[in-house]
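Structural characterization, general
Spelled out, the chains give:
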Amino acid sequence: SIRSEPSDLLLPSTYGSAEASNFFTSLDKQMQSQPIKPSNGHLAVTNIDAAKEWGGYAASIWPLGENVHFAWLEEGGEFWSDKTRDRDVNNMKVIVDGVDCGRFSLEDALEGDGVEILFRAEKFLMVPVSMEEELLRGLKSSFII
């Protein structure tokens, strides 16, 4: 399905935690000059099981439109979790696609296991993982990718 949803990373209800909300608000301030930040982005993860924890089924996310941006942690992994809750936002190395060229690339991040990727898009297509291979075959046979 094609979605157009506001970012919810700054809301305490998203993670059920004011601490998480404060973390993303601090990260948002750190990233204020970037085209993508928690206040205008969504998180996707490269691990199917981790994705299922958020919505019952895993989906491949395909950002749509012209104003698309991505950001991820240089060391990979999650922006926020119980394991990372003590992380100092000011010491995080966040890579923004198109800004931090030559470092850990978007392709590297997408191939990692359990890497969260912050993305910004006016709309995005959610394709259930069960249908992704069929979609990719169709796109390749049409010479779209």
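First, a word on what this report is: a plain description of the structure on this page. Just so you know, these numbers come straight off a predicted model, no measurement behind them.

**Section: the overall build of the protein chain**
When helices and strands are counted, the protein chain shows five helices and seven strands. Against the globule reference of 15 Å for 145 residues, the protein chain gives a C-alpha radius of gyration of 15 Å, in line with a compact fold. In terms of overall dimensions, the protein chain has a C-alpha envelope of 45 × 35 × 25 Å along the principal axes. Counting across all 145 residues of the protein chain, residues that qualify as buried make up 32%. Expressed as a percentage of contacts within the protein chain between residues at least 6 apart in sequence, the contacts between residues at least 24 apart total 74%. If you sum the accessible surface of the protein chain, you get close to 8,700 Å²; carbon and sulfur atoms cover 50% of it. Of the side-chain charges in the protein chain, 13 are positive and 24 negative, and the distance between the mean point of each set is 3 Å.

**Quick word on the side chain of S21**
Inspection of the secondary structure puts S21 in helix α2 (residues 18-30). Those residues within four positions of S21 in sequence are excluded, and the remaining contacts are L9, L10, L11 and P12.

**Quick notes on the sheet that holds strand β7 (residues 123-128)**
Whether parallel or antiparallel, the strands of a sheet pair through hydrogen bonds between backbone atoms. Taken together, the three strands give an open sheet; going across it, the order is β1-β7-β3, and neighbouring strands pair in antiparallel fashion. The open sheet terminates on both sides in strands that have one partner only, identified here as β1 (2-3) and β3 (59-64). Helix α5 (residues 129-141) rests against β3 and β7 of the sheet, and its axis sits at about 110 degrees to β7.

**Some remarks on the pattern of salt bridges**
Two side chains with opposite charge may pair up if their charged atoms get near one another. Tallying each qualifying case throughout the model produces one salt bridge. With a closest N to O distance of 3.0 Å, E5 and R3 form a salt bridge. E5 gets classed as partly exposed once you look at its relative accessible area, which sits at 37%. Since its relative accessible area comes to 28%, R3 is described here as partly exposed.

Calculation rules
Residues numbered from 1 in each chain as written. Predicted model: local features only at pLDDT ≥ 70, side-chain atom pairs only at ≥ 80, totals over all residues. Heavy atoms only, no water. Helix = DSSP H or I, 4+ residues; strand = E, 2+ residues; numbered from the N terminus. Rg over C-alpha atoms; globule rule 2.2 N^0.38 Å. Buried < 20%, exposed > 50% of the residue type's maximum accessible area, 1.4 Å probe, protein only. Contact = heavy atoms within 4.5 Å. Areas by Shrake-Rupley, 256 points an atom, 1.4 Å probe, with all protein chains shown as cover. Lys, Arg positive; Asp, Glu negative; His and termini not counted. Charge placed at Lys NZ, Arg CZ, Asp CG, Glu CD. Pairing = 2+ DSSP bridges. Axes fitted to C-alpha atoms, helices over the stretch in contact; angles between N-to-C directions. Salt bridge = Lys/Arg side-chain N within 4 Å of Asp/Glu carboxyl O.

Keep in mind these values describe shape, not function.
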